[in-house]
Structures are given as structure tokens and as C-alpha cells.
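Read off the chains here:
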Amino acid sequence: MKTCSLRQIGLLALGLVVTGTFAHGGEMLKALLVDGQNNHNWQATSPIIKKSLEMTDRFQVEVATAKDASQFHPDFKQYDVVVSNYNGDLWPKSTRTAFKEYIENGGGLVVIHAADNSFSDWPEYNRMIGLGGWGGRDEEHGPYVYYQNGKLVRDFSKGRGGTHGAQWAYPVKVRLPNHPIVKGLPRVWRHAEDELYARLRGPAKQMAVLATAPSKKTGRAEPMLLTIGYGNGRCFHTAMGHDTRSLSGVGFQVTLQRGTEWAATGNVSLTDVPESFPSKEEVSRRDVLKAADQ
Ligand code: ZN
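Residues numbered from 1 in each chain as written. Predicted model: local features only at pLDDT ≥ 70, side-chain atom pairs only at ≥ 80, totals over all residues. Heavy atoms only, no water.

Some remarks on the pattern of salt bridges
Then, in step 1: Scanning all chains against the criterion turns up eight salt bridges.
Then, in step 2: The closest approach of N and O atoms between Arg190 and Glu281, which form a salt bridge, is 3.8 Å. Of this pair, Arg190 sits in strand β8 (residues 188–190) while Glu281 is found in the loop between α6 (250–265) and α7 (288–291), placing the two residues 91 residues apart along the sequence.
Then, in step 3: With relative accessibility at 16%, the residue Arg190 sits in the buried group.
Then, in step 4: For Arg285, the salt bridge goes to Glu193, with nearest N and O atoms at 2.9 Å. Of this pair, Arg285 sits in the loop between α6 and α7 while Glu193 is found in the loop between β8 and β9 (207–214), placing the two residues 92 residues apart along the sequence. (Salt bridge = Lys/Arg side-chain N within 4 Å of Asp/Glu carboxyl O. Helix = DSSP H or I, 4+ residues; strand = E, 2+ residues; numbered from the N terminus. Buried < 20%, exposed > 50% of the residue type's maximum accessible area, 1.4 Å probe, protein only.)

Observations regarding the coordination of the zinc ion
Then, in step 1: Coordination of the zinc ion by the protein comes from His40 (NE2), His113 (NE2), Glu195 (OE) and His242 (ND1), over a distance range of 2.0 to 2.1 Å.
Then, in step 2: Bound by four donor atoms, the zinc ion shows angles of 91 to 157° at the metal and therefore irregular coordination geometry.
Then, in step 3: In the primary structure, the donors to the zinc ion are separated according to the pattern H-x72-H-x81-E-x46-H. Of this pair, His113 sits in the loop between β4 (108–112) and α4 (123–129) while Glu195 sits in the loop between β8 and β9, placing them 82 residues apart in sequence.
Then, in step 4: Looking at His113, the relative accessible area reads 1%, which means it is buried.
Then, in step 5: Look at Glu195 and you get buried, because its relative accessible area is 8%. (Donors = N, O, S within 2.8 Å, 3.2 Å for Na, K, Ca; no water. Tetrahedral: all angles 85-135°; square planar, octahedral: opposite > 155°, others 65-115°.)

In C-alpha cells form, the structure reads like this:
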């Protein structure tokens with residue numbers, strides 16, 4: 001093997017810096033998208049999630065497909081953020097321990113839709129995601145959390161966690177307009193057709209409800225976008241994202257991009273709001289996989 005001169009090493013380092021630089025001055029963030037098991041069509045949704053992130057030129061996304069959870073041993077520390085599109089078998093104990101330490105030490109987690117159904121018996125995961133549904137979740141897991149009469153309610157009444165009705169294009173209402181993930185977005189915007197998760201419940205500690213949507217099933221404004229603190233780490237949780245149609249919503253995509261950057265860094269530099277961002281009344285869809293060919 002040829003040895004490199006100092007000058008060559010310098011040029012190589014410069015090249016790495018240039019190729020690793022994000023157009024707005026920040027570094028490229030490394031994301032690990034986890035899929036491989038889900039009661040949803042992860043094979044169809046993961047490419048949209050990946051492209052939605054990569055189209056910002058802010059993220060480099062690797063996919064870990066955990067079809068056999070017992071063989072799932074990623075090196076989380078290599079990534080700025082872990083994005084979960086996974087709802088399946090419990091990871092091995094060593095992987096769970098590594099993941100907990102990764103988040104505690106400042107790692108980022110993004111939870112999409114049914115990923116909040118996962119791991120109901122893993123207390124640390126429930127802490128990280130704030131709220132979850134199904135999987136036997138009940139009052140033992142924590143309160144229901146929702147807005148009612150303009151106030152955030154923590155409801156400790158008994159009952160199962162997790163329900164939804166038929167899909168519809170529902171309005172998403174921003175509750176914390178100064179949070180960087182939703183700053184500058186319309187106060188109410190129309191999501192593409194999706195399930196509206198309701199009656200989620202969990203520890204709800206160090207949790208902020210950024211946006212809600214009105215459930216026809218519960219009559220409450222249910223949390224759609226959440227942030228949760230866990231040690232030095234951060235979780236962004238979007239309850240939206242059932243299928244490819246849901247993921248085509250520009251509001252979903254923009255909040256996913258910003259939320260993932262926030263989970264990775266604690267800040268949001270992706271502040272531009274696309275002209276195609278939905279209004280209160282009008283759904284706006286974008287096929288990011290097609291757009292990539294243009
Ligand atoms: Zn769903």
C-alpha cells in the first residue's frame with residue numbers, strides 16, 4: 001500500500017470536510033432508520049422516510065432491517081439519530097442496554113406512528129417515547145394526555161391505550177408555536193389522509209405536546225407531535241404516518257425533517273417553509289420518490 005504524503009492527507013481531509021458539509025453550514029447528520037418488522041407496510045414507507053430526510057441535504061440515512069431481532073446489534077454511537085419505523089419483537093438485552101446508554105448520553109430518537117406501539121413492556125422505551133398505544137398498555141403505563149377546552153390534561157383514568165378511526169385528512173393544530181420544530185408553520189394545517197391516533201398513554205415525563213388533532217372518537221385534541229427528554233438525549237415522536245398516502249403530506253414531511261434534526265442536535269436549521277406547505281383547508285401532497293428524479 002502506498003503511503004500518503006502530508007500534503008495528500010491534507011487534501012484528503014479537505015475533501016472529507018467539503019463532501020461532509022451541509023449547504024447551510026452544518027455538518028451532515030448520520031441517521032439510522034430501523035425497520036424490518038411492523039404491522040404496517042414498512043417496505044413501502046421506509047424509502048419515503050429515507051428520501052424525505054435525504055432531500056434536505058442535511059441527513060445521510062442508513063437502513064437497518066431487523067427481520068430477526070435476535071441478530072440486531074447496531075452500533076448506535078455511530079449515528080446522530082435513530083429513526084424508528086419498527087413495531088416488532090423485543091431487541092436483545094445487550095441491544096436495549098446499548099440503546100438506553102446511547103440516548104442517555106445525548107443520542108436522538110425519532111418515533112413514527114406504529115413505532116409507538118412497540119415495546120410496551122420495556123419501561124425505558126416508554127419513557128423515551130412519552131406516550132404509546134396498544135400492546136396491553138393501560139393505566140399502569142401512565143396517563144392519557146390530550147388537550148381539552150384549551151388546556152393540556154393528564155388523565156389517570158383506567159383503560160386501554162391506543163385507538164383510531166377511519167383515515168381522514170385532519171387539521172393539525174400547533175400548540176407550542178415557538179418550538180423550533182413548528183416555528184413559522186401555519187397555526188393550523190391540513191394533514192394528508194391518515195389514522196388519527198387517540199387514547200395514547202405513557203409516562204409522559206419531560207414531554208412537550210407541539211401539535212394536536214381533533215379525534216372524532218374521543219372528542220379530544222390528541223397529541224400528534226411530541227418531544228421528550230431522556231437523560232441528555234431527545235426524542236421526537238410523530239403519531240402520524242400510517243401509509244404512503246399519509247407520508248405524502250408535506251406537513252408530515254417538513255415536521256419529520258425538522259423533528260429529526262432537532263432530535264439529532266437540539267436545534268433546527270431547516271427553517272424554510274416550502275410554498276407547497278398545506279393551509280388550514282387544503283391538503284398538500286408531494287411524492288418525494290418521484291421528485292428525486294426531476
Ligand atoms: Zn396505522
